[in-house]
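Fold and contact review
Residue-level listing of the chains:
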Amino acid sequence: MILSFITAALFTIHLMGDSTMAEKDLPRAGEERGWGMMFQNFLDPEAVKVVNYAQNGRSTKSFIDLGLWDKVLSAVEPGDYVFIEFGHNDAKEDDPARYAPAFGAYQDNLRKFIDGVREKGGTPVLLTPIARRWFKEGVLDRNCHTDYPAAMKEVAAEKGVTLLDVTTITLDWLEALGDEPSKAYFMISTGKNDNTHLVPAGARKVTEMICGLVKDQIPEIAQHLQYFHFVVSPDGHGDFKTVQDAIDACPDYSHQEITRILIKAGTYKEMVSIPHTKFRLYIKGEGADNTLITFDKYAKALWPGRDIAVGTSGSASVYIHASYITFEDLGFENSAGEGKEIGQAVAVFTDGDFLFFNRCRFLGNQDTLYTYGRFGKFGGIKRNYFKDCYIEGTTDFIFGTSIAYFEGCTIHSKKNSYVTAASTLQGQKYGYVFKDCTLTAAPGIDKCYLGRPWGAYAKTVFINCELGPHIVADGWHDWEKEGKPNTKKNSFYAEYGNFGPGAEGPRVKWAHNLKAKDLKDYTFEKVMYQSQDGIVWDPYNNK
């Protein structure tokens, strides 16, 4: 099986080898993984493409005889690299289809690979085979591959080829771990008598070690290395298949290190909750259009086994209770739909401080984005930053108490209704600030308000935003009702420099027009700085 990952790249790394490197037939293969399945996760996909030609059971001889070498050779372009790792199966003397003596056919085949790659303008790299986990009475057998690593090293020296000594580094690793602890990285941990093949934790560890060798020996590739502590992939090319499993694996109360999580492209139908103990995370997708976390709870549904409605706050697809979290290139969705029988259906519920959403998408209908923030004097300050995001919905689809700064975002209305419903606390200087945003609408939508006050002291400001024709001339709605009097007096709705047909007005008399001198109070730094904690927040170093 040949698996190609990302197409746009500066060069390709072609992988040739056996089962310890190979793609697996999942889910039939169970927990077994080749390290080649993890390798792309450690490389910037915009710069490096990985294609894995390795197959279970292959030796240098059978790789040639079965035509796999011809496939590799025909694909190599100038500037590409070919990683060559064999040895496990070449030693099988009782199998003439695979046997290649170490200081004979094995070396000749390696020379064939090297010469062929170089003729195509590529760079061959030899990798000695991964060590087998062979312990006897607690002592590791360091001669598990007999003469094959030495034979490969001899060819590398002869041909002037870069050699990654994977055998030695994995032997040292296993020896340091010891017999029992090392089982967790191999298929023997699943109940099979298999000390050769890796489970996900083992594939990750071996890939980390190989990338360490690459960093030291191949600078052209090293400059494109990237590192994530955990990778989520629905097809088994990561540490976990669900986002929640990755969150659960993050350290609690990490006061220094940021834990980095890569979520591979795919649709993850799951409710995700990040508890307050899991702060300092960087969570990246492979594009907001390609990586989607979705769920379908809704306010009017009943809790299983209870005669209690889920409610707005209980309907979210993603809950973020922790602070210092960055989300990048991700999509979030509540797919419950829209209507009286559905009610509110939250995609993202934010209850942490210093949350940064960069190039993200928020998809839903009523109450898509709930910046829950703090309720009550003991809640603490909660700040959210949305940069170059897309947010869509029907009614009050950006709402809540947090201080939130929206910059360069697209805000898309799907129904004649209200864009925002801030519930800024009394005495809090800032609520929502929209800067350089674009407000759009679905076809036929022509009567939307910029906002209405969910709480009597709502604060919302739009600065230098393009407002589509769906924004009504009044701009704002007071939403005065019992228990919420004087919203016209107590709320603060203001604009400056907005343009487009929705900016023409005239606005309601109780709204405000900012002056140029007021803009100094609405910079990102000013809005996010709170004298209570004195923290100057750098979202690009979010810790």
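Just so it is clear, the model here is predicted, and its values are computed rather than measured.

Conventions used here
- The written sequence of each chain sets the order in which its residues are numbered from 1.
- For this predicted model, a pLDDT threshold of at least 70 governs which residues receive local features, and a threshold of 80 or more governs which side-chain atom pairs are given and counted, while totals over whole chains, interfaces and linings are taken from all residues.
- Side-chain measures here rest on the full set of heavy atoms in the structure, leaving out hydrogens and waters.
- Each residue gets a pLDDT score, which is the predictor's confidence in that residue and runs from 0 to 100.
- The criterion used for residue contact is that any of the two residues' heavy atoms lie within 4.5 Å.
- Each helix corresponds to a stretch of at least 4 residues labelled H or I by DSSP, and each strand to a stretch of at least 2 residues labelled E; elements are numbered beginning at the N terminus.
- For this analysis, a polar contact is any N or O atom pair within 3.5 Å, provided that within protein one partner can donate a hydrogen and the other can accept it, and provided that sequence-adjacent residues contribute only side-chain to side-chain pairs.
- A simple rule labels every residue: compare its accessible area, found with a 1.4 Å probe on the protein chains alone, to the largest value its type can have, and call it buried under 20%, exposed over 50%, or partly exposed in between.
- Salt bridges are defined by distance alone: a side-chain nitrogen of Lys or Arg within 4 Å of a carboxyl oxygen of Asp or Glu.
- Two strands are counted as paired when DSSP detects at least two bridges linking them.

A word on the confidence of the model for the chain
On average, the chain scores 95 in pLDDT, and the residues at 70 or more come to 98%. Contacts from residues 1-7, a stretch scored under 50 in pLDDT, to residues over four places away or in other chains number 26 contacts.

Thoughts on the environment of Asn195
Here Asn195 lies in the loop between helix H7 (179-182) and helix H8 (200-217). Residues Asn195 and Lys183, spaced twelve residues apart in sequence, show a C-alpha to C-alpha distance of 7.9 Å. Apart from the residues lying within four places of it in its own chain, the contact partners of Asn195 are Arg132, Arg133, Trp134, Phe186 and Ile188. Engagement of the side chain of Asn195 in a polar contact is seen with the side chain of Arg133, the distance being 2.8 Å.

Section: the side chain of Ser491
One can find Ser491 in the loop between helix H11 (487-490) and strand S33 (492-496). Judged by its relative accessible area of 4%, Ser491 is buried. For Ser491, the residues in contact, after removing those within four places along its chain, are Pro453, Ala456, Tyr457, Ala458 and Trp510.

Considerations on the pattern of salt bridges
Throughout the structure, instances matching the rule amount to 33 salt bridges. Residue Arg98 is joined to Asp95 by a salt bridge in which the shortest nitrogen-to-oxygen separation is 2.6 Å. We note that Arg98, like Asp95, is buried. One connected set of salt bridges, linked through shared partners, spans Lys284, Glu328, Asp329 and Arg359.

Some thoughts on the sheet that holds S33
Spatially, S9-S10-S13-S16-S19-S22-S25-S28-S31-S33-S34 is the arrangement adopted by the eleven strands of the open sheet, whose pairing is parallel. Only two strands of the sheet have a single partner each, and these edge strands are strand S9 (230-232) and strand S34 (512-513). Relative to strand S25 (residues 403-407), strand S22 (residues 383-387) runs parallel, the two being bridged by five bridges. From the neighbouring strand, Arg383 faces S25, where its bridge partner is Ile403.

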